[in-house]
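What the coordinates show
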Amino acid sequence: MQKNLAQNILHFPLTKIIIGIVAVVATVGLGQYLAGQLLDYLGTEKPTKHLIVGLITAVLSFLSYTLLFKNYEKRDVTEFNTKKIGQHLLVGILLGALLQSLTISVIYLKGGFTVLSVNPLLFLIPSLTMAFTSAIFEEVLVRGIIFRILEEKLGSYISLILSALIFGALHLGNPHSTIAAAVGLALQAGLFLAAAFMFSRNLWFPIAIHFAWNFSQSGIFGATVSGNSTTKSLLTTTIKGEDWYTGGAFGPEGSVQATVFCLLATFVLLMLCNKQNKIIKPYWTRSKEHYKVQENVL
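Worth saying up front: this structure is predicted, and the values here are computed from it rather than measured. Numbering of residues starts from 1 in each chain and follows the order in which that chain's sequence is written. Thresholds applied to this predicted model are a pLDDT of at least 70 for local features of residues and 80 or more for the giving and counting of side-chain atom pairs; totals over whole chains, interfaces and linings are not thresholded and use all residues. As a convention, hydrogens and water are excluded, and side-chain values are obtained from all of the structure's heavy atoms.

Notes on unusual backbone geometry
One non-glycine residue, Lys 74, lies in the positive phi region at around 55 degrees. By the criteria applied, helices consist of DSSP H or I runs no shorter than four residues and strands consist of E runs no shorter than two, each listed in order from the N terminus. Here Lys 74 lies in the loop between α3 (46–72) and α4 (85–109). Exposure classes here rest on a 1.4 Å probe applied to the protein chains alone. A residue is buried below 20% of its type maximum, exposed above 50%, and partly exposed in between. Look at Lys 74 and you get exposed, because its relative accessible area is 70%. In the Ramachandran plot, His 176 falls in the positive-phi region, its phi being about 65 degrees despite a non-glycine side chain. Residue His 176 is classed as exposed on the basis of its relative accessible area, which comes to 52%.

What about the packing of helix α5 (residues 124–154) against helix α8 (residues 204–220)?
Direction vectors running N to C along α5 and α8 enclose 150 degrees, while the axes themselves pass 8 Å from each other. In terms of orientation, α5 and α8 fall into the roughly antiparallel class. The crossing of α5 and α8 is right-handed. For the pair α5 and α8, contact is made by Leu 124, Ser 127, Leu 128, Met 130, Ala 131, Phe 132, Ser 134, Ala 135, Ile 136, Glu 138, Glu 139 and Arg 143 and by Pro 206, Ile 207, His 210, Phe 211, Asn 214, Phe 215, Ser 218, Gly 219 and Ile 220, respectively. A class-by-class count of the residues in the contact of α5 with α8 yields 12 nonpolar, 6 polar and 3 charged. In this analysis, axes come from line fits to C-alpha atoms, helices being fitted only over the stretch in contact, and the angle between any two N-to-C directions falls in the range 0 to 180 degrees. Any angle between 65 and 115 degrees counts as roughly perpendicular, while under 35 counts as roughly parallel, over 145 as roughly antiparallel, and the rest as oblique. Handedness of a crossing is defined here by the sense of rotation of the near helix relative to the far one, left-handed for an anticlockwise turn of less than a right angle and right-handed for a clockwise turn. Residue contacts follow a heavy-atom distance rule, with two residues in contact if any of their heavy atoms lie within 4.5 Å. Lys, Arg, Asp and Glu make up the charged group, whereas Ala, Val, Leu, Ile, Met, Phe, Trp, Tyr, Cys and Pro make up the nonpolar group; the residues left over, Gly among them, are polar.

A look at the pattern of salt bridges
Counted as salt bridges are all cases of a side-chain nitrogen of Lys or Arg within 4 Å of a carboxyl oxygen of Asp or Glu. Under the definition given, this model contains 10 salt bridges. Linking Glu 73 and Arg 148 is a salt bridge whose minimum nitrogen-to-oxygen distance equals 3.2 Å. In this pair, Glu 73 sits in the loop between α3 and α4 while Arg 148 sits in helix α5, placing the two residues 75 residues apart along the sequence. Comparing Glu 73 with Arg 148, the two get one shared label, buried. A salt bridge links Glu 152 to Arg 148; its shortest N-O distance comes to 3.1 Å. Remark: Arg 148 and Glu 152 occur in helix α5; sequence separation between them is 4 residues, near one turn of the helix.

Here's the deal with the nonpolar core
The nonpolar side chains of a soluble globular protein tend to be buried with one another. For the purposes of this section, nonpolar cores are sets of buried Ala, Val, Leu, Ile, Met, Phe, Trp, Tyr and Cys residues that join through side-chain atoms within 4.5 Å. Core analysis: the largest hydrophobic core is formed by 57 residues, its most contacted members being Tyr 65, Phe 69 and Ile 145. Of all the secondary structure elements, the ones that give two or more residues to this core are α2 (13–41), α3, α5, α6 (156–170), α7 (179–200), α8 and α10 (256–275). Examining the composition of this core, we find that 13 residues originate from one element, α7, more than from any other. Dropping the residues within four chain positions of it, Phe 69 is found in contact with Lys 16, Gly 20, Lys 74, Arg 75, Val 77, Ile 145, Arg 148 and Ile 149.

Some points on the packing of aromatic side chains
Stacked, tilted and edge-to-face are the three classes applied to pairs of Phe, Tyr and Trp rings, where Trp contributes its six-membered ring and a pair requires centres within 6.5 Å; stacked means planes under 30 degrees apart, edge-to-face means over 60, and tilted covers the rest. Applying the stated criterion across every chain yields a total of 11 aromatic pairs. Relative to Phe 80, the ring of Phe 62 has its centre 4.8 Å away and its plane inclined at 80 degrees; by these criteria the two rings are edge-to-face. Taken together, the residues Phe 62 in helix α3 and Phe 80 in the loop between α3 and α4 connect sequence positions 18 residues apart. Look at Phe 80 and you get buried, because its relative accessible area is 8%. Plain terms: the ring middles of Phe 147 and Phe 197 are 5.9 Å apart, the flat faces sit at 85 degrees to each other, and that makes the pair edge-to-face. One end of the pair, Phe 147, is in helix α5; the other, Phe 197, is in helix α7, with 50 residues separating them in the sequence. Here a set of aromatic residues connected by ring pairs shows up, and it is made of Phe 62, Tyr 65, Phe 69, Tyr 72, Phe 80 and Trp 204. Our definition puts a charge over a ring when NZ of Lys or CZ of Arg is within 6 Å of the ring centre and also within 35 degrees of the ring normal. The ring of Phe 167 carries Arg 143 above its face, with NZ or CZ at 4.6 Å from the centroid. Over the face of the ring belonging to Phe 199 we find Lys 278, whose NZ or CZ atom lies 4.5 Å from the ring centre.

Examining the state of the cysteines
We call a pair of cysteine sulfur atoms a disulfide whenever their separation is within 2.5 Å. Enumeration over the complete set of coordinates arrives at 0 disulfides. Counting only cysteine sulfurs, Cys 262 is the nearest neighbor of Cys 273, a cysteine outside any disulfide, at a range of 16 Å. Assessed through its relative accessible area of 0%, Cys 273 is described here as buried.

Observations regarding α4
Multiplying 1.5 Å by the helix residue count minus one yields the expected span of that helix. A rise of 1.5 Å per residue sets the reference length of α4, with its 25 residues, at 36 Å; its end C-alpha atoms lie 36 Å apart and thus fit the reference within 8%. Tucked inside the fold, the buried residues of α4 contact β1 (113–118), α7, α8, β2 (235–239), α9 (243–246) and α10. After α4 finishes, the residue Gly 111 shows a positive phi value of roughly 80 degrees.

With respect to the environment of Leu 191
Along the chain, the position of Leu 191 falls in helix α7. Each C-alpha atom of the pair Leu 191 and Ile 19 lies 24 Å from the other, and the pair is 172 residues apart in sequence. In contact with Leu 191, not counting residues within four places along its chain, are Leu 160, Ala 164, Ala 186, Leu 263 and Thr 266.

In structure tokens:
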């Protein structure tokens, strides 16, 4: 009786989410600290240090997640399945870059986007590192742990809303963040990236979209990402205008058009998920004997 109770608690969704987040964050945090100390001791230059620490963060996010849930849930971790990985990454990168370009194009058409200079390609490295690191780390935590585990019990639609709200709330602490900006992120990235995971049933697709969105925003267009200060970019630009279409100090992803474009993409993905029977029903409405989600990929 006590053993069954302990097992039920251990495999309760909230317990799994907490253990997963703590394990990944602790592993990544320790790895970043040790790597930073070693690189400081070796006198590594700051740009190189950030690149190395970023790569370590990405690798540790992947390894800690995979090893934990392979043993915890006693299953193959299909979220990082390499089947059609090239297609997932390519389509995701193109989609993320396209949506960000459309967002910037509205600012340009409103006369608020000006290119001051074109810089060397080496200026892309800081943004490349930031986008690569944040995309993997955040997707592992929010879509791989929070959304996936919630979806197993609550179904796709409820989990879609809950994980999006959590994603938006996590950005409230960012510089220049507001309730409106957090709600915008929840509606656009929170819903869109979860829908991308539902459609592909792996993390490569949302990681690629997340990476391309952030990288093109900061590395190419020289814009602020989620309120954080800009880094070196391919284009030195100025963005001016009303907050509703520029995003203000929070950056273009705080704009109305960013939310609209991402919601349209979300709608398309959800329609495809529904058509291909990739929507998981809440546990209280589905047949445990006969209900099974198809794991078709993009």
